[in-house]
Amino acid sequence: MHIEYDRDTCIGMFQCVDEWEAFEKNLDDGKADLVDSEEREEDLFVREVPEDAEFDAEFAARVCPVDAIKLFDDDGEQVV
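Reading guide: rules and limits
Residues numbered from 1 in each chain as written. Predicted model: local features only at pLDDT ≥ 70, side-chain atom pairs only at ≥ 80, totals over all residues. Heavy atoms only, no water. Helix = DSSP H or I, 4+ residues; strand = E, 2+ residues; numbered from the N terminus. Buried < 20%, exposed > 50% of the residue type's maximum accessible area, 1.4 Å probe, protein only. Lys, Arg positive; Asp, Glu negative; His and termini not counted. Salt bridge = Lys/Arg side-chain N within 4 Å of Asp/Glu carboxyl O. Polar contact = N/O pair within 3.5 Å; in protein donor to acceptor, adjacent residues only side chain to side chain. Contact = heavy atoms within 4.5 Å. Pairing = 2+ DSSP bridges. Axes fitted to C-alpha atoms, helices over the stretch in contact; angles between N-to-C directions. Phe/Tyr/Trp six-rings, centres within 6.5 Å; stacked < 30°, edge-to-face > 60°.

(A) Expanded view of the side chain of Arg47. Secondary-structure assignment places Arg47 in strand β5 (residues 44–48). Among buried charged residues, Arg47 stands out as having no salt bridge; its nearest opposite-charge side chain is Asp36, 4.3 Å away. Here Val35 takes part through its backbone oxygen, which lies 2.8 Å from a polar atom of the side chain of Arg47. Apart from residues lying up to four places away in sequence, Arg47 is in contact with His2, Ile3, Trp20, Ala22, Leu34, Val35, Asp36 and Ser37.

(B) Summary view of the sheet that holds β5. Spatially, β4-β5-β1-β6 is the arrangement adopted by the 4 strands of the open sheet, whose pairing is antiparallel. A strand with exactly one partner marks an edge of an open sheet, and here the two such strands are β4 (38–41) and β6 (69–72). Between one strand axis and the next, the sheet turns through 30° on average, direction left out of account. Here 4 bridges tie strand β1 (residues 2–6) to β6, and the two strands are oriented antiparallel to one another. Each bridged residue has a counterpart across the sheet, and for His2 the counterpart in β6 is Phe72.

(C) Just the packing of aromatic side chains, in detail. Within the structure shown, the criterion is met by 3 aromatic pairs. Centre to centre, the rings of Trp20 and Phe23 are 6.0 Å apart; their planes meet at 70°, and the pair counts as edge-to-face. As far as burial versus exposure is concerned, Trp20 and Phe23 are alike and both buried. Residues Phe55 and Phe59 carry aromatic rings whose centres are separated by 4.7 Å and whose planes lie at 55° to one another, so their mutual orientation is tilted. With Phe55 and Phe59 both in helix α2 (residues 54–63), this residue pair falls 4 residues apart, about one helical turn. Look at Phe59 and you get partly exposed, because its relative accessible area is 34%. Put simply, the rings of Tyr5, Trp20 and Phe23 pair up and form one aromatic cluster.

(D) A look at the pattern of salt bridges. This structure, assessed with the given rule, holds 4 salt bridges. Here Glu38 and Arg40 are joined by a salt bridge, their closest N and O atoms 3.4 Å apart. Among the residues examined, Glu38 registers a relative accessible area of 45% and is labelled partly exposed. Between Glu58 and Arg62 there is a salt bridge whose closest N-O contact spans 2.9 Å. Taken together, the residues Glu58 and Arg62, both in helix α2 and 4 residues apart, mark about one turn of the helix. Glu58 sits in the partly exposed class, given a relative accessible area of 24%. Through salt bridges with shared partners, a single ionic network connects Arg7, Asp29 and Asp33.

And the structure:
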């Protein structure tokens, strides 16, 4: 499972930060940061989700008010 985070779309509500510790507040930019992620395209960050964090990652994606976070299963199908 992996997560994709579009930082440009983020509006800094930080609800994802409350759901999964992989997201951290970046108050200087007014947006969240996805820790240990790789920037695949400009402002698109991707990282693998550990099995023990799948539930938290799913909630982080679901609570984003602007759908800046997408979650994909191991087959590449979008879950959230």
